[in-house]
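What follows is the residue order along each chain.
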Amino acid sequence: ASPQPRRSLSARSASPLSCAALSGAKPRRAEPRRAAMASRGEVFSHKEEQVLHAILDALFADLGDEGAQALLAAQTAHDPRSDEELVAFARRPASAFTDSMDIVRARLATFDGPDQDTFHALLKTLATRVGCLALTGKRGPLYRHEAVVVQGILKSWFTSPLQQIRELGKVFKLLASVFFLQGDGAKNPNFKAMGYEPPDMAVLREVVNKATAVDFNKCRIQQMEFLQQPSGGIAGPQPIEVLCDCVVVGSGPGGAVVAAELTEAGFRVALLERGRWRAPGEQSCSEAGATRELYQEAGNFFTSDHSISILAGSCFGGGASLNWSCCLPPPEQVREEWARDFGLDWAAGPAMAEAVERVRHRLSIHSEGVELNAANQVLMRGCERLGYASEIAAQQGWQPQSPDDGGWCSLGWKQGRRQGMHGSALADAAQTGRLLLLDGCSADEILRDRTGSACGVRATMRDGTDSRTVIVRGRGVVVAGGALLTPLLLRRSGLKNPHIGRHLRLHPAMTIWGRFDEPIRFFEGAPMTTVSRVVEDQDGKGYGAKIWVPNLHPATFATLSPWHGPQEFKQALASYAHAAPLISLVRDQGEGKVWEN
């Protein structure tokens, strides 16, 4: 979605570190972050690097010969990996990666500028005698202590009664997980030890290219001559003006459907999207690249109390480009609640049923021929043995003969044909010839005429370090930036309705996994193809949870795994390919709100 949020520092973790909280500052705006990346977070002092190495090598330590043998003994007889690979994994510390500091710097650059400054201050504090004593109970500098001492400090951080101290440990674990587990599978030896194999990119691109019929590049404003207007000389670049019938902010499911309906009705639509459209040949298929390029705030997005990490799409097609492909119709109890409590009478009637049927047809939603990977078979088999209800979860767009197994959908890879918005509503809009795509464009303010009616949007279009103001004018404006970002744009634009930003509902998720003798390789094949509804209605009103199989690539798996010491942690990671994870998605009964500081 296009609007820019404000947030405090963190990482992709259930309870990440808030440097704003440590410094006593309030959460700050993320918008200046990208401009600050070149000047902040690029250089660590020698002492800062020593502190980082001490912490990361404590988290991912060399387990020694005895620890390596224990890790080997913990593996099963059905393991295809060699003893040499597992021993090398056990003995490999974080500092074995020569580019470790470069990777940490790249991750730190996704934090906003002030939080980068606070992180540097934290490292400097741990490099001093007094500062280290205050934070760890041990005289500093931290890097002079043996690894076992640093590990004890980390354990105390993870179990501290103080939230800020717990977050301190988790942010270091996040940084360690990122550089230790992410990257090109051909170059990361840890992947092989974990049993993780990234996809064959040539095969993946061939599948997507065959299925994708629409070239969105032809719709992009970047391809049009007037973008190269003279800059305006000393006064600076002049705003680009775009005229259309309607301006739509956000290309996710809301904005894409509106754009399709309007263009098919003969209107010219300017579609603003903060993320960038990328041709299949330009996409990577790595967890690091997807997090950085496709997710809101590069994955650093969470509730103010840091209790819930929020994964939201910030790319062409919005969350539909990243979500798992399960598609269930709105439950009858939910539709009845909308009608009863919110006056949406149509939600419980035939109009809603007809709309759901149109979506089902357009996305080719089906449950026939859906293949279950090993992890989904575990859920189905377990439910059968326990007498719990379970079923095949209908999927969008896949045909049974498709060679794409869907395990990479959360990294932005989908067939294109009838999948996501780029394979459905956006494709429909583009084929009319009346869609004007402004990607890499952040909506700053809704413009209004003298009567107060919306008549356009002022936005900023970015290309690398260059930016340009764009004024997009139209007879109507539709803001579809999602529940998290739409309220911020509305408020920045002067709208005063008291409900703006209120009544936020999420679906909190908890994760658990079992370790099996045989390889499960849950990252292969589509997630969420089986669902159990055994606890979905706990109060007779449709509130409860559904149980699913998630899609977790290595860094996410490591981030969600508890750390009780390097031996247990590495053994858990070495069991990655033998894990069968489950998540419970809860229908939220409480309310939250969205605001800017």
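Let me begin by describing the structure that accompanies this report. (Residues numbered from 1 in each chain as written. Predicted model: local features only at pLDDT ≥ 70, side-chain atom pairs only at ≥ 80, totals over all residues. Heavy atoms only, no water.)

Quick notes on unusual backbone geometry
- Between G140 and P141 the backbone carries a cis peptide bond, its omega angle lying at 0°.
- Tracing the backbone through its elements, the reader meets P141 in the loop between α8 (129-136) and α9 (147-158).
- Phi at E297 takes a positive value of approximately 55°, unusual for a residue other than glycine.
- With respect to the helices, strands and loops of the structure, E297 is situated in the loop between α14 (287-294) and α15 (332-342).
- Here the phi dihedral of R521 falls at roughly 50°; this positive angle occurs in a residue that is not glycine.
- Relative to the assigned elements, R521 resides in the loop between β12 (509-515) and β13 (530-535). (Helix = DSSP H or I, 4+ residues; strand = E, 2+ residues; numbered from the N terminus.)

Remarks on the sheet that holds strand β8 (residues 441-448)
- Ordered by their spatial adjacency, four strands build an open sheet running β3-β10-β9-β8, and the pairing between neighbours is mixed. Only two strands of the sheet have a single neighbouring strand rather than two, namely β3 (240-243) and β8. Ignoring strand direction, the axes of neighbouring strands in this sheet form an average angle of 25°.
- Of the pairings in the sheet, the one linking strand β9 (residues 454-463) to strand β10 (residues 466-473) comprises eight bridges and is antiparallel in character. Bridging from a neighbouring strand, G456 pairs with R473 of β10. (Pairing = 2+ DSSP bridges. Axes fitted to C-alpha atoms, helices over the stretch in contact; angles between N-to-C directions.)

Some words on the sheet that holds β12
- Reading across the sheet, the five strands line up as β6-β13-β14-β15-β12 and stay open at both edges, with antiparallel pairing between neighbours. Two strands bound the open sheet, and with one partner strand each, they are β6 (391-392) and β12.
- One ladder, built from two bridges, connects β6 with β13; its direction is antiparallel. Counted as the bridge partner of I392 is T530 from β13.
- Contacting β6, β13, β14 (545-548) and β15 (579-586), helix α17 (residues 374-386) runs over the sheet at an angle of about 35° to β13. (Contact = heavy atoms within 4.5 Å.)

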